[in-house]
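# Report on the structure
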Amino acid sequence: MDTNLDFDYRPKLGTRRDFGIGIIGAGAIVNAAHLPAYRKAGFNVVGITDADVARARETARKFEIAKVYETVEALVDDPAIHIVDIAVPPWNQLGLVRQAAAAGKHILCQKPLSNVYVEAVEIVQLAGAAGVKLAVNQQMRWDQAVRSARTLLSRGWLGDPVSATIDVGILTDWSAWPWLLTVEGLDLMYHSIHYFDSMRSLFGDPKQVWSVATRYPEQKPIGETHTHTLLDYASTFRALVAVNHNNWTTDRFATLRIEGTHGYLKGTFGLLYNYPYGRPDTLEFYSRAHYPHLTFQHVFEEMWIPDSFIGPMGELMRAIGEGREPETSGTDNLHTLRIVHAAYRSIEERRAVSPDEIA
Ligand SMILES: NC(=O)c1ccc[n+]([C@@H]2O[C@H](COP(=O)([O-])OP(=O)(O)OC[C@H]3O[C@@H](n4cnc5c(N)ncnc54)[C@H](O)[C@@H]3O)[C@@H](O)[C@H]2O)c1
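Residue positions within a chain follow its written sequence, with the count starting from 1. Totals for whole chains, interfaces and linings use all residues, but because this is a predicted model, local features are given only for residues with pLDDT of at least 70 and pairs of side-chain atoms are given and counted only at 80 or more.

### Here's the deal with the overall build of the protein
Selection criterion: Numbering of helices and strands runs from the N terminus, with a helix taken as a DSSP run of H or I at least four residues long and a strand as a DSSP run of E at least two residues long. For the radius of gyration, the atom set is restricted to C-alpha positions; the globular benchmark scales as 2.2 Å times the number of residues to the power 0.38. Contacts here follow a simple rule: the backbone-placed C-beta atoms of the two residues must lie within 7 Å.
A count of helical and extended segments in the protein gives 9 helices and 14 strands. In terms of C-alpha radius of gyration, the protein reaches 20 Å, essentially the compact-globule figure of 21 Å for 359 residues. In terms of overall dimensions, the protein has a C-alpha envelope of 60 × 45 × 40 Å along the principal axes. If you take every contact in the protein between residues at least 6 apart in sequence, the share linking residues at least 24 apart comes to 69%.

### Things to note about the site of the ligand
Put simply, the rule reads: Each residue receives a C-beta atom built from its backbone; the residue is near a molecule or strand if that atom lies within 6 Å of it. Residue polarity is assigned by list, with Asp, Glu, Lys and Arg as charged and Ala, Val, Leu, Ile, Met, Phe, Trp, Tyr, Cys and Pro as nonpolar; anything else, Gly included, falls into the polar class. Each domain's limits were defined by an automated method or a database of domain assignments.
In the vicinity of the ligand lie 25 residues, with G25, G27, A28, I29 and V88 positioned nearest. Looking at which element gives the most residues to the shell around the ligand, the answer is helix α1 (residues 28-41), with 3 residues. Partitioning the shell around the ligand into residue classes produces 15 nonpolar, 6 polar and 4 charged. For the shell around the ligand, the domains that each give at least three residues are domain 1 (20-138) and domain 2 (140-308 + 338-349).

### Quick look at the pairing of strand β10 (residues 238-244)
Inclusion rule: Here a residue counts as buried when 20 or more other C-beta atoms fall within 10 Å of its C-beta, as exposed when 12 or fewer do, and as partly exposed in between; the C-beta atoms come from the backbone. Should DSSP find at least two bridges between two strands, the strands are regarded as paired.
On β10, burial follows the alternation: A239, V241 and V243 on one face are buried, whereas R238, L240, A242 and N244 on the facing-out side are not. Sheet topology places strand β7 (residues 161-169) next to β10; 7 bridges connect them, and they run parallel. By the bridge assignment, S163 is partnered in β10 with R238. Bridge count for strand β9 (residues 226-232) against β10 is 7 bridges, and the pairing is antiparallel. Bridged to T229 within β10 is V241. Turn length for the β9-β10 hairpin, with the two strands adjacent in sequence and antiparallel, is 5 residues, and the turn residue A234 shows positive phi of about 50 degrees.

### Thoughts on the confidence of the model for the protein
Rule in force here: The predictor's confidence in any single residue is recorded as pLDDT, a number from 0 to 100.
Looking at the protein as a whole, its pLDDT mean stands at 96, while 99% of the residues score no less than 70. Confidence scores differ between elements of the protein, with strand β14 (residues 296-299) showing the lowest mean pLDDT of 94 and strand β1 (residues 20-24) the highest of 99.

### Some words on the environment of G321
By the element assignment, G321 lies in helix α8 (residues 310-322). Apart from the residues within four sequence positions on either side, G321 is in contact with G14, T15 and R16.

### Side note on the packing of helix α6 (residues 144-154) against helix α7 (residues 187-203)
What counts, and what does not: All axes are obtained by fitting lines to C-alpha atoms, using only the stretch in contact for helices, and the reported angles, taken between N-to-C directions, cover 0 to 180 degrees. The cut-offs work like this: below 35 degrees is roughly parallel, past 145 is roughly antiparallel, 65 to 115 is roughly perpendicular, and the gaps in between are oblique. Should the near helix be turned counterclockwise from the far one by less than a right angle, the crossing is left-handed, whereas a clockwise turn marks it as right-handed.
Following both chains from N to C, one finds α6 and α7 inclined at 20 degrees, their axes separated by 9 Å at the closest point. When the interaxial angle is binned, α6 and α7 end up roughly parallel. Of the two possible hands of crossing, α6 and α7 adopt the one that is right-handed. Of the residues in α7, those touching α6 at V146, A149, R150 and L153 are S198, S201 and L202. The class makeup of the residues in the contact of α6 with α7 is 4 nonpolar, 2 polar and 1 charged.

### Considerations on the packing of helix α4 (residues 93-102) against helix α5 (residues 117-130)
Running from N to C, α4 and α5 point in directions that differ by 5 degrees, and their axes come no closer than 9 Å. Considered as vectors, α4 and α5 are oriented roughly parallel to each other. For the pair α4 and α5, contact is made by Q93, L94, V97, R98, A101 and A102 and by E119, E122, I123, L126, A127 and A130, respectively. The class makeup of the residues in the contact of α4 with α5 is 8 nonpolar, 1 polar and 3 charged.

### Description of the sheet that holds strand β12 (residues 263-268)
Hydrogen bonding along the main chain pairs the strands of a sheet, whether they run parallel or antiparallel. Taken in spatial order, the 8 strands of this open sheet run β8-β9-β10-β7-β11-β12-β13-β14, and their pairing is mixed. Edge positions in the sheet fall to β8 (208-214) and β14, since each of these pairs with one other strand and no more. In this sheet, neighbouring strand axes are inclined to one another by 10 degrees on average, regardless of whether the strands run parallel or antiparallel. Along the sheet, α7 makes contact with β7, β8, β9 and β10, crossing β10 at roughly 155 degrees. Sitting on the sheet, helix α9 (residues 330-349) touches β8 and β9, and the angle it makes with β8 is about 60 degrees.

### Thoughts on unusual backbone geometry
The amide bond that connects K111 to the next residue, P112, takes the cis arrangement and shows omega of -10 degrees. Topologically, P112 is positioned in the loop between β5 (106-109) and α5. Cis geometry is adopted by the peptide bond preceding P292, which originates at Y291 and carries an omega value of 15 degrees. By the secondary structure assignment, P292 is in the loop between β13 (282-287) and β14. Positive phi, normally seen in glycine, also occurs at A234, with a value near 50 degrees. Judged by the 10 C-beta atoms lying within 10 Å of it, A234 falls in the exposed class.

Right under this line is the structure:
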């Protein structure tokens, strides 16, 4: 059954979409997601650079990008570039934001904004002082199932939400990201951060965070790969994010379930069922009035990666055009990072931690 309902899930684009984009970093995510999404959206990628210029040249050839800059300075100084799109490991992001902001360019940062909270705050302050817009590529908010859930919640189809669960059991091949093998904080900082940000986009900020985490006996990375994080809203609603990267079976899953007083929703994140190929997201909805019958189920045409990468860049362009802050502004993102850091503190101190404790 597919009722062709309008879930209003697609990224909204402004009237002006031809802002010149300059990309710093020609690595895995730029090739797999940024550039395919921007091509689909018709965005104007002016040029690219990378510390390894050969990588930038190869990416430029693949995506027919006209300019390859030998240095970051040359990119940020090009008047044809309005938005600097940074996609490098987080510990290199602050220095690049400093350069882009000094050149008066708007900025799209990759997540995590920084792995060090005070540096994330400094990034936000740098952009504010320079008077440029800064957004974070926290694009799972634009994932088809997440955005549709937001629409259904806002239209009251679920009634009062009582519980939300993101439950992920996948087999992650960490060798695809060699630099992640040696980070101390792994799942929460680099993966579950998407789920925390998605929960925030649906339900706002939790009051407290409880988290437990562990490693898998044979795993290669030094960081945690199996986590459970409870987001406590100090109300009749609570959210759980449960992630296991060591599911060696063929029974892989990546689901979002939201239970409300009137309705129940189940979404799947298709990308994670056989990453990086994936399959589209799905959505099922049960209305309490029709239960036990399924009210509708839907299979989307798009996928989390690359399609949702149109979201943060499109939203940043709209924010520039409308003179307002983007939805995933740096300031907003500090709230997501506070959940991540509260979760690590919770693990270390074996207690519930308020995100407000993180400063
Ligand atoms: N939003 C998402 O869903 C998502 C998904 C994957 C990765 N990421 C983030 O994207 C970033 C990049 O990840 P990746 O997997 O593409 O990494 P990668 O290692 O494949 O690519 C990073 C590239 O950045 C270049 N680089 C590093 N420092 C630089 C500097 N100072 N100046 C110029 N170039 C520099 C490297 O040479 C490399 O080519 C990370 O922060 C990661 O967390 C986000």
